[in-house]
Amino acid sequence: MVSYKVTLFTGNRVAAGTFNHVFIKLVGTEGESERKWLVGFKGASAFIRGAESSFTVCAPTSLGKLVLVEVDKKSLLLFPEDSWFLTKVEVKSPDGDTFTFPVHRWISDSSVHRFREATALRIIDDQHHLGRYSREQELKEREEDYRWHVYAEGIPHCIKADGPTSLPCEVQFSFTKTTEFLFTASSGLSELKLKGLDGCKKGWTNIDDIDRVFCCKQTDIADYVQEHWKEDSFFGMQFLNGVNPILIRRCTELPRNFPVTDCMVFPCGQMSLAEEIKKGNIFLCDYKHLDGVKTNTINGKKQYLMAPLVLLQKTEDKKLMPIAIQLKQAPAEDNPIFLPTDPEYDWLLAKIFVRSADFSEHQLNTHLLRTHLLAEVFAVSLLRNVPMVHPLYKLLIPHTRYTLQINFLARNLLISEKGSFTQFAASGGEGMMTILRRSLSAVTYTSLCFPDDVAERGVQDVPNYYYRDDGLRLWEITYRFVKGVIEFYYKNDEEVQQDSEIQKWISDIFKHGFLSQACTGIPQSFTSVAQLVKFVTMVIFTGSAQHAAVNSGQYDYGGWMPNTPISLKRPPPTKKGVANEDTMLETLPDVNVTVQGMATLWLLSKQSSDFVPLGNTPEQHFSEDTPCEFIKNFQAELEEQSRRIKARNKKLEVPYKYLNPEEVENSVAI
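So, how was this worked out
- Residues numbered from 1 in each chain as written.
- Predicted model: local features only at pLDDT ≥ 70, side-chain atom pairs only at ≥ 80, totals over all residues.
- Heavy atoms only, no water.
- UniProt positions renumbered as here; feature names shortened; annotations may be inferred.
- Helix = DSSP H or I, 4+ residues; strand = E, 2+ residues; numbered from the N terminus.
- Rg over C-alpha atoms; globule rule 2.2 N^0.38 Å.
- Buried < 20%, exposed > 50% of the residue type's maximum accessible area, 1.4 Å probe, protein only.
- Contact = heavy atoms within 4.5 Å.
- Areas by Shrake-Rupley, 256 points an atom, 1.4 Å probe, with all protein chains shown as cover.
- Lys, Arg positive; Asp, Glu negative; His and termini not counted.
- Charge placed at Lys NZ, Arg CZ, Asp CG, Glu CD.
- Pairing = 2+ DSSP bridges.
- Disulfide = S-S within 2.5 Å.

Going by an unreviewed UniProt entry, the chain carries the name Arachidonate 15-lipoxygenase type B and comes from Oryzias melastigma. Regarding the chain, the UniProt comment filed under Subcellular location (unreviewed entry) reads as follows: "Cytoplasm". Within the UniProt record for the chain, the comment given under Pathway (unreviewed entry) is "Lipid metabolism."

Written out as structure tokens, the structure is:
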């Protein structure tokens, strides 16, 4: 008889243990063991939370190189079937070799689960029927667990699920995350002390009343926003370092539908638009995707959403100042171009309409589509097409944590027929889907790759653009890490081309994420190592850094409602000189719309206690020394970048913290 030492590692997380009977079978290139009931001196405590328990499994002869373990569990009379989080299985052979089988998943039923050896060479899979069977069987099961679903035509596809508990256990929230999320969601209005106001369908009659509600829950930046929201310099700064910093681009010529003249913006003749454009000092924000969108009706009142064009100038003191705003796309006599020299409330209302448009553009395009929905596509395709022992799976699986469940909840709680966005945002309902479809049609691979996007928008040298500075640095750090890991496993382009699993991964992404639109520039297959490295960098960056940049500051910049109204209930002025403070208050959303918006932004900005920062992984998926060393280097570079950002922020009036690696979550998890 030949003896193998088998050690099972139960996860150190809430409710990870099991009191069920656990069984294991070892499968090697030369044979397999009998199915063994793992019982020892620890008894029922062998598989409690955080336990490492060893057992002896015998076989008549050597099993050769171990390629697979089969694990299952059975319930007892006193203990019903439960869920068990198994981290990994380690097996030490009689020859002293150690084989590692990564699991990192919940086992919730009595089925047999098969796990492959972590360092199994692809040649073994190709030549040995056990390797082929285990890989094909795993992917067959995963294709059933992770099925595509068309939530709405014209937007990225998602996972098919009837409810959060119908999702595979391995992608569900932890007990801690579930408890905190439900509590935060249900107590949002209470925590903000807004209970009672959520049913008030009246308008605001005094700015001080908004102030009293806002004072219930503030942050340092939200306080600053309240104090400075009317200032042009702050309005301009938000295009660089607010929650929607991807819209601004250098203006190389004025759009034909934006007939701004020199005498409008430079009445003293001190300079000309042509000269300033040539110098690279003029920038444009165009909300054309919102044009003609059907708007919501809230509290029985029609809501209004504009599609503005905003012209900004970089000044000698390195500020970005708005110099012209047109609130509708088509120029007309009743669509005036508003200027800083206009009466106070004309100009302020124009900026309020821009900020309200920015809310819809940000939430639906920048935030929901370009981070949440795309991250889900990347994750579902990975989980369907790539086996657990594949290096791409090990590299990307930490960046899928909680994404599928948070997106399911977003569809149910935010954008469904009864969702808060649908009910309380100007673009809720039919308009929301119109914007999502238009936005997806405009997505390009260039716009998803951070350095390429910065160059394409012409914003390489804009001063005080901390989103750009921190984002470029994080992209570089992530790129070096990904390059090291990918090049360790793929020695040449031919190996990439012949890897059917990563080819199926990208093929599904192109089909289900970008709806097979070649004009997006998204790869349809991988032809080189360099191409794979860049795409994987983009995937990690999108689900971590980019999501943090457009998500974490939502309450900071939107908690003070006048700075980011989620809806407006009066049309914009059609001529100048008639607006006043009453006009502004009558335009702002009703009380219940305001407090629902505040509560939602508070929920979306709240960090969970089991938050995992970029570069950190609760489970260790790689077993080889080289990729583990790359992970350590990645973490060290992130720590150094965090120190740089903290030192810089001490000198800033408004610190930019959203891309501090310590504040960047590893995945789209909120």
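## Describing the overall build of the chain
When helices and strands are tallied, the chain shows 23 helices and 18 strands. Compactness check: the chain gives a C-alpha radius of gyration of 28 Å against a globular reference of 26 Å for 670 residues, within 12% of the reference. The buried share of the chain, taken over its 670 residues, is 59%. Summarising the internal contacts of the chain: among those between residues at least 6 apart in sequence, 74% fall at separations of at least 24. For the chain, the accessible area works out to roughly 27,200 Å², and carbon and sulfur atoms hold 51% of it. Counting 75 positive and 84 negative side-chain charges, the chain places the centres of these two groups 2 Å from one another.

## Observations regarding the pairing of strand S16 (residues 309–314)
Most of S16 is tucked away, with six of its six residues classed as buried. Across the two faces of S16 the burial is the same, with Leu309, Leu311 and Gln313 and Val310, Leu312 and Lys314 all buried. In the sheet, strand S13 (residues 282–286) pairs with S16 via five bridges, with the strands oriented antiparallel. Bridging across to S16, Leu284 finds its partner in Leu311. Bridge count for S16 against strand S17 (residues 320–326) is six bridges, and the pairing is antiparallel. Each residue of the ladder has a partner; that of Lys314, found in S17, is Leu320.

## Regarding the state of the cysteines
As enumerated under the stated definition, the model contains zero disulfides in all. Left unpaired, Cys158 is separated from the closest cysteine sulfur, that of Cys169, by 19 Å. On the accessibility criterion, Cys158 (3% relative accessible area) is buried.

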